[in-house]
Amino acid sequence: MRVAIIGSGCSRFGELWEKGFREIYLEAGLKAIEDAGIEGKEINALYVGNMSAGMFLGQEHVAALIADYAGLAELNIPAVRVEAADASGAVAFREAYLAIKSGLFDVVVAAGVEKVTDVSDQSKIVSSAADQEWECFFGANLASLYALIAKIHMKKFGGGEEDLALIAVKNHKNAVNNPIAHYRREISVEDVLSSPYVAEPLKVLDSAPISDGAAALVLASEEFARRVCDDPVFVEACCQASDYLALQSREDLTSMKAVVKASRKAYKRAGIDSKDVDVAELHDVFTIAEIIQYEDLGFCKKGEGYKLIREGITCLNGDIPVNTSGGLKACGHAAGASGIRQIAEIVDQLRGKAGKRQVDAEIGLSLSVGGTGATAVVTVLRR
Amino acid sequence: MIPSFWRKIKYRYDLIGTHCKKCGRYYYPPRNLCPRCRRKGEIEEVKLPEKGKVLSYTVVYERCPVVIALIELENGTKILSQLSCKPEEVKDGMEVVRVFRKYGETSDDGIIYYGTKFVPCY
């Protein structure tokens, strides 16, 4: 039995000063349900990705809260919150997918939400994805861990800071045409290179912002989907892998083993090869991550990720457009929501609803990573 | 925060890691279970070598620049730590040795966090 996506909706990503956690979530959820054309009473369960409402808002028990404020309280459906740092949304999606695949449910909502701008100490909270006792204690934050990875990768394979800058430039360019994006403006290589270092060699403009945002998807069994939807998108595979949490425990830092493992499982399950992917949303939390992920997903050989961006292969009009939404870098990174938002972009692309960002695609891939790579989720979608 | 720091003092102050007698691998931070041998492994605590070389480093710009480095100790164990030196003194592959240094404090009258940092070998 196949699982289909029949509705999707996203809030705007960015600094949403006028809106709280509940409003942001509701905006995305209502859009998804309206898009699916279903009624609330048809929803069997809700899975929500959220990284840290506890630290950002002092609010836990958010799955029930969301079901409540999404108007589902009278329906008493199971509501589950899923946490895997900034892969929370993708892991929530996978739980929703498995719930339908198991045959237990017909219609499930997978959502993600993060409200971050109500506190000032955001980067510390985001860095809690890393090992608090054995990484953060020594003064490391998420940026510095990715910086260590970047330096090792550059030393071994010879890319430079200009190559990293090209990723940010590409993703900002794509975001101009994305109405939900945090930054809808182009930047130049010079802008990136002249922005201050966060952790050498990574600069401010190599880094994804910490955004508010929410996204929701309605998943259904194929039978239900065919009945209510003209253009369902099918989930051909959704595979997850884990790895050592801290960098010092990993053998090779030029690769994210969880990404390699999850993607190979997903390709096998979907019966495809990396060459068959027409469009992809990757986890460009820092620019170096996108380059490493090109390699780990098999879009190119190990060490040749730089070539893909230098030669424009991953640009909107390239052979394999990556981050047509603007990616985490420019569409924005709302930790718990990003995994759902990425899949929503692929859904838009496969349904021909991506407006000026539209590319020709039949098979799409979404990759979410938690922290520095200890969680990876690869989802393969087909129209 | 006091108990969570206190119970790790041995490992932070004296660079005590673990060694699996079965497969011979060393671990820092210490582990109670060898990830390769799992329940068949045999973990013991060991004092790790004091010297190593810098595999990768970065400078974090907060109030003052802090050098964070991934260091490979002489027996191959990798450890993430701070380098107690100026950013311009650091080079990849540089030999370093461990020292005992202050990391921070919770407040004016709170506990002080000490631990291991590394300095260049001259």
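For clarity, every value in this text was computed on a predicted model and none was experimentally measured.

A. Highlighting the overall build of chain A. When helices and strands are tallied, chain A shows 14 helices and eleven strands. The C-alpha atoms of chain A give a radius of gyration of 19 Å, which matches the 21 Å a tight globule of 383 residues would have. For the C-alpha atoms alone, the extent of chain A along its principal axes is close to 55 × 45 × 40 Å. For chain A, the share of sequence-separated contacts (at least 6 apart) that also reach a separation of at least 24 residues comes to 77%.

B. Broad picture of the packing of helix α4 (residues 88-101) of chain A against helix α14 (residues 335-350) of chain A. All names here are of chain A. Where α4 contacts α14, the two axes come as close as 5 Å, and the packing angle between them is 60 degrees. Regarding the angle of α4 to α14, the classification is oblique. Where α4 approaches α14, its residues Ser88, Gly89, Ala90 and Phe93 are matched on the opposing element by Ala335, Gly336, Ala337, Ser338, Gly339, Ile340 and Ile343. Here the residues of the contact of α4 with α14 are counted per class, giving six nonpolar, five polar and no charged.

C. Broad picture of the domain arrangement of chain A. Residues and elements named next belong to chain A. You can read the domains of chain A as domain 1 (3-121 + 211-233) and domain 2 (136-207 + 235-382). Just the C-alpha atoms count here: the centres of domain 1 and domain 2 sit 23 Å apart. Facing 35 residues of domain 1, the contacting portion of domain 2 comprises 31 residues. A total of seven residues in the side of domain 1 that touches domain 2 trace back to one element, the largest contributor, which is α4. Its residues placed into classes, the side of domain 1 that touches domain 2 shows 20 nonpolar, nine polar and six charged.

D. Highlighting helix α3 (residues 62-72) of chain A. All names here are of chain A. Every buried residue of α3 is accounted for by Val62, Ile66, Ala67 and Ala70. The buried residues of α3 occupy one face: seen down the axis, they fall within an arc of 135 degrees. Lining the buried residues of α3 we find α1 (21-36), β2 (45-49), α2 (53-57) and β3 (79-82).

E. Focus on the pairing of strand β1 (residues 3-10) of chain A. All names here are of chain A. Counting buried residues along β1, eight of its eight residues qualify, which places the element largely inside the surrounding structure. Note that β1 and strand β8 (residues 233-242) share three bridges and pair antiparallel. Its bridge partner being in β8, Val3 is matched across the sheet by Val235.

F. Region of interest: unusual backbone geometry. Geometrically, the link from Glu200 of chain A to Pro201 of chain A is a cis peptide bond, its omega value of 5 degrees lying close to zero. Tracing the backbone through its elements, the reader meets Pro201 of chain A in the loop between β5 (197-199) and β6 (202-203). A positive phi angle, near 55 degrees, is found at Asn76 of chain A, a position not held by glycine. The residue Asn76 of chain A is located in the loop between α3 and β3 in this model. With a phi angle near 45 degrees, Arg38 of chain B is a residue other than glycine that sits in the positive phi range. Of note, Arg38 of chain B is situated in the loop between β2 (26-27) and β3 (43-47). We classify Arg38 of chain B as exposed; it has 9 C-beta atoms within 10 Å.

Each value, and the rule that gives it
- Residues numbered from 1 in each chain as written.
- Chains lettered and ligands numbered in written order.
- Predicted model: local features only at pLDDT ≥ 70, side-chain atom pairs only at ≥ 80, totals over all residues.
- Helix = DSSP H or I, 4+ residues; strand = E, 2+ residues; numbered from the N terminus.
- Rg over C-alpha atoms; globule rule 2.2 N^0.38 Å.
- Contact = placed C-beta atoms within 7 Å.
- Axes fitted to C-alpha atoms, helices over the stretch in contact; angles between N-to-C directions.
- Parallel < 35°, antiparallel > 145°, perpendicular 65-115°, else oblique.
- Nonpolar A, V, L, I, M, F, W, Y, C, P; charged D, E, K, R; others polar.
- Domains from an automatic or database assignment.
- Buried ≥ 20, exposed ≤ 12 C-beta atoms within 10 Å, placed from the backbone.
- Arc of directions from axis to C-beta.
- Pairing = 2+ DSSP bridges.

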